[in-house]
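Residue strings, one per chain:
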Amino acid sequence: MKQNVKFISSAFCMFVWAMSLFAQTNYYTTTKTFYENGYTYQCDIEKSGMITLYNKNNKLTYTDQVFKSTGKSPTAQEDDGMQLLADDTWTRAKRYSIVNNAFTTAEKQRVRTEKIIISLYINPESGKVDEVNFMFHKTEALSTIPISVYRKIETELKNNIWYTPTTDGKKMNFILKWWEQEPK
């Protein structure tokens, strides 16, 4: 009987120890502002549990894309026929590489099969990335990734990605480009 109790006690201790290895902090449980080392991020959580995470200095995160001349959004017909950015051959691979390289091997393993939505707000005159935001669900392992990783992605995208706006693109207040990515 004593051996069974010892075995169960030892097994329980090992289980608790193993679980602590896998337990991770969920940083994004409520809508809040993160004051970090030299930057501030905002985490907004919708009732659905979707998180929007962005630099607090962003001005465009909840702004509608409109024509600069009229202040009106493109109609469905206009939107369907407009090409806002010139075709390029390098930005997709570079964007994916920036995101993948920001995560550690352990973080990539933890978030495998999950996809983060990344939105770029592109300056219609210069083609530079002005702002970046991230979306994921609060129950996903992406919620265990610290702000510093998202900040690294933001700064790398701003510094290393740019586009060529078309004539139609230059008519807009900003150009929105987004994608989903599973960090690998």
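**Q** Which residues make up the packing of aromatic side chains, and what values do they have?
**A** Evaluation of the coordinates by the stated rule reveals 11 aromatic pairs. Plain terms: the ring middles of Trp 90 and Trp 162 are 4.7 Å apart, the flat faces sit at 55° to each other, and that makes the pair tilted. Taken together, the residues Trp 90 in the loop between α2 (76-81) and α3 (91-102) and Trp 162 in the loop between α5 (147-160) and β6 (175-181) connect sequence positions 72 residues apart. Owing to a relative accessible area of 31%, Trp 90 belongs among the partly exposed residues under this scheme. For Trp 162, a relative accessible area of 43% puts it in the partly exposed group. An aromatic cluster is present here, built from Tyr 27, Tyr 28, Phe 34, Phe 134, Phe 136 and Tyr 150 joined pairwise through their rings.

**Q** Tell me about the side chain of Gln 65, and please be specific about residues and values.
**A** For Gln 65, the position within the fold is in the loop between β3 (50-55) and α2. In this structure the side chain of Gln 65 is engaged in a polar contact, spanning 2.7 Å, whose partner is the backbone oxygen of Phe 174. Apart from the residues lying within four places of it in its own chain, the contact partners of Gln 65 are Ser 73, Pro 74, Leu 84, Met 172, Asn 173, Phe 174, Ile 175 and Leu 176.

**Q** Lay out the pairing of β3 with the relevant residues and their values.
**A** Summarising burial for β3: 5 of the 6 residues are buried, a large majority. Relative to β3, strand β2 (residues 40-45) is paired through 5 bridges, and the arrangement is antiparallel. By the bridge assignment for β3, Ile 45 is matched with Ile 51. Hairpin connection of β2 to β3: 4 residues between the antiparallel strands, including Gly 49 at a positive phi of 95°. Judged from the 5 bridges that link them, β3 and strand β5 (residues 129-137) form a sheet pairing that is antiparallel. In the sheet register, Ile 51 faces β5, and the bridge partner there is Phe 136.

**Q** How would you explain the side chain of Asn 133 if you had to name every residue and give the values?
**A** Residue position: Asn 133 is located in strand β5. On the basis of relative accessibility, which here comes to 2%, the residue Asn 133 falls in the buried class. Ignoring any residue separated from it by four or fewer positions in sequence, one finds Asn 133 in contact with Thr 52, Leu 53, Tyr 54, Asn 58, Thr 61, Ile 117, Ile 118, Ser 119 and Tyr 121.

Conventions we followed
- Residues numbered from 1 in each chain as written.
- Predicted model: local features only at pLDDT ≥ 70, side-chain atom pairs only at ≥ 80, totals over all residues.
- Heavy atoms only, no water.
- Phe/Tyr/Trp six-rings, centres within 6.5 Å; stacked < 30°, edge-to-face > 60°.
- Helix = DSSP H or I, 4+ residues; strand = E, 2+ residues; numbered from the N terminus.
- Buried < 20%, exposed > 50% of the residue type's maximum accessible area, 1.4 Å probe, protein only.
- Polar contact = N/O pair within 3.5 Å; in protein donor to acceptor, adjacent residues only side chain to side chain.
- Contact = heavy atoms within 4.5 Å.
- Pairing = 2+ DSSP bridges.

No statement about biological role is implied by the geometric values presented.
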